[in-house]
Amino acid sequence: MKTENQFFINALNVKTMNKIAVVVPTIRPESWEVFLSKWVDLFEKHKVYLIKVNDGTDYPVIEASDFAQFDETIVVYNKFPKSPWLFNKSDCCRNAGFWAAYKWGAEIIISLDDDVYPAGDPIQDHINALSMSVSPTWISTAQDWRVRGIPVGGEKWPVMLSHGVWNGVPDFDAPTQFLNPDVKDIAFNKTNIPKGVLFPLCAMNFAFRRELMPYVYQAPMGKRLAEFDLPIGDRFADIWSGVVLKRWMDTQGYAAVTGHATIYHSRASNVFANMKKESIFIELNEDFDNQFHDPNNNHPYVVLYRNCLEQWQAALK
């Protein structure tokens, strides 16, 4: 069995180190072909390292393409070592891609889903957002302008996370999706997210700098929860990851922004399947922040997530 140090050795030997990685989990070959056709021009333009996390087997399989050498694409096939922190059979399998991007040396990691397509150039928009510094306490009431009253000087934090948004099918929870089946192209805020403020991080379109990787771990979800005598729930991997990540960012002087990069989301997931998956953890979600950050809390899921997060951080080393 390959060790974690051996796992991504071929990718580490790639000569062109463009340092931007795009991570996409998928189990749908037909969706992947469409996805690639929509994004290939931008991948070539920005010379990204594309990391496909194929979750169709017992363990995720990585396929990595170096678009800095798109005329002779490098493809790396590797089976992930069985690791306690690696959960698959749900969208949290993208952790495998994040880990591979980190080991490869990516400075910027962009997370996408296989059913989203570019609106303009979201890769450049994420890069631009991650080059900004913003106030940790003030937000403007206008987009793109500093209105009267906001201090000109004051403390500025570097933007380390760019949360993108989407046109097309909204990323609603199941009850909202059920009651609003025909809603499309909802409006979004374009702003910094102040210190102490949480937001629902959607992993279908966000970008971050490698410094965040120890806390960007997607929460364990899916069928493998049964191995730990927990009910099989889903749909909160990215949401709870965002809660844990944002609380840590606030302690580090790292800023997050939202609304700067837009993609098109092409398909809605099954509303009844979503209801079943969300129902398992909907009560915990109401108070997840407090329960996770309370050192005396022994909720079995919270304990599992904390343990996996520690293992994730150890794996990065």
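Any chance you could break down the overall build of the chain for me, citing the residues and the numbers?
Check the secondary structure of the chain and you find eleven helices and eleven strands. Taken across its 317 residues, the chain has 51% of its residues classed as buried. Of all intrachain contacts in the chain linking residues separated by at least 6 positions in sequence, the fraction that spans at least 24 positions is 77%. As displayed, the chain has an accessible area near 14,800 Å², and 52% of this comes from carbon and sulfur atoms.

I'd like to hear about the pattern of salt bridges, residue by residue, with values.
Using the criterion set out here, one finds nine salt bridges in the structure. The salt bridge partner of D114 is R28, with a shortest N-O separation of 2.4 Å. Taken together, the residues D114 in the loop between β5 (108–112) and β6 (116–118) and R28 in the loop between β1 (20–26) and α3 (29–46) connect sequence positions 86 residues apart. Take D114: its relative accessible area is 3%, and that puts it in the buried class.

Provide a residue-level description of the nonpolar core, including the pertinent values.
Membership of the largest hydrophobic core comes to 60 residues, with the highest contact counts inside it found for I51, W240, Y301 and W312. For this core, the leading source of residues is helix α11 (residues 300–316), giving nine residues. Counting 30 residues, the second largest nonpolar core, distinct from the first, contains L42, F67, L112 and W157.

Break down the packing of α3 against helix α5 (residues 122–129) for me, citing the residues and quoting the values.
The N-to-C vectors of α3 and α5 enclose an angle of 45°; their axes lie 9 Å apart at closest approach. Relative to α5, the element α3 is oriented oblique. From α3, W39, L42, F43 and H46 reach across to α5, where they touch P122, I123, Q124 and I127. When its residues are assigned to classes, the contact of α3 with α5 shows six nonpolar, two polar and no charged.

Please give an account of α3 that cites residues and values.
The first and last C-alpha atoms of α3 sit 24 Å apart over 18 residues, in line with the 26 Å expected at 1.5 Å per residue. Considering bend angle alone, the principal kink of α3 is centred on W39 and spans about 50°. Every buried residue of α3 is accounted for by S31, W32, F35, W39, L42, F43 and H46. Here the buried face of α3 lies against β1, β2 (49–54), β5, β6, α5 and β11 (255–265). Residue K47 follows α3 closely and has a positive phi angle near 50°.

Got a sec to walk through the packing of aromatic side chains? Specific residues and values, please.
Inspection of the entire model under this criterion finds 27 aromatic pairs. Considering the side-chain rings of F43 and F67, the 5.5 Å spacing of their centres and the 55° angle between planes classify their relative orientation as tilted. Placement of F43 in helix α3 and of F67 in the loop between β3 (61–66) and β4 (75–79) is noted, with a sequence separation of 24 residues between them. Across this residue pair, the class does not change: F43 and F67 are buried. Ring centres 6.2 Å apart and planes at 90° place the aromatic pair F98 and F206 in the edge-to-face group. With F98 in helix α4 (residues 94–104) and F206 in strand β10 (residues 205–209), this residue pair connects regions lying 108 residues apart in the sequence. Here the two residues F98 and F206 agree in accessibility, since each one is buried. Ring pairing ties together the aromatic residues W85, W99, Y217, F236, W240, F281, F288, F292, Y301, Y305 and W312, which thus form one cluster. Cation over ring: K19 sits above W104, and NZ or CZ is 5.9 Å from the ring centre. Over the ring of F292 we find R306; its NZ or CZ atom is 5.8 Å from the centre of that ring.

Any chance you could break down the pairing of β5 for me, citing the residues and the numbers?
Remember that side chains alternate between the two faces of the sheet whenever the strand is regular. Within β5, five of the five residues are buried, which leaves it mostly tucked inside the rest of the structure. Of the two faces of β5, the one carrying I108, I110 and L112 and the one carrying I109 and S111 are both buried. Two strands pair when backbone bridges link them, and β1 and β5 are joined in this way by four bridges, in the parallel orientation. Each bridged residue has a counterpart across the sheet, and for V23 the counterpart in β5 is S111. In this sheet, β10 lies alongside β5 in antiparallel orientation, the contact comprising five bridges. Its bridge partner lying in β10, I110 is registered against A207.

Calculation notes
- Residues numbered from 1 in each chain as written.
- Predicted model: local features only at pLDDT ≥ 70, side-chain atom pairs only at ≥ 80, totals over all residues.
- Heavy atoms only, no water.
- Helix = DSSP H or I, 4+ residues; strand = E, 2+ residues; numbered from the N terminus.
- Buried < 20%, exposed > 50% of the residue type's maximum accessible area, 1.4 Å probe, protein only.
- Contact = heavy atoms within 4.5 Å.
- Areas by Shrake-Rupley, 256 points an atom, 1.4 Å probe, with all protein chains shown as cover.
- Salt bridge = Lys/Arg side-chain N within 4 Å of Asp/Glu carboxyl O.
- Core = buried A, V, L, I, M, F, W, Y, C linked by side-chain atoms within 4.5 Å.
- Axes fitted to C-alpha atoms, helices over the stretch in contact; angles between N-to-C directions.
- Parallel < 35°, antiparallel > 145°, perpendicular 65-115°, else oblique.
- Nonpolar A, V, L, I, M, F, W, Y, C, P; charged D, E, K, R; others polar.
- Expected span 1.5 Å × (residues − 1).
- Bend = angle between axes of the 7 residues up to and from the residue.
- Phe/Tyr/Trp six-rings, centres within 6.5 Å; stacked < 30°, edge-to-face > 60°.
- Lys NZ or Arg CZ within 6 Å of the ring centre and 35° of its normal.
- Pairing = 2+ DSSP bridges.

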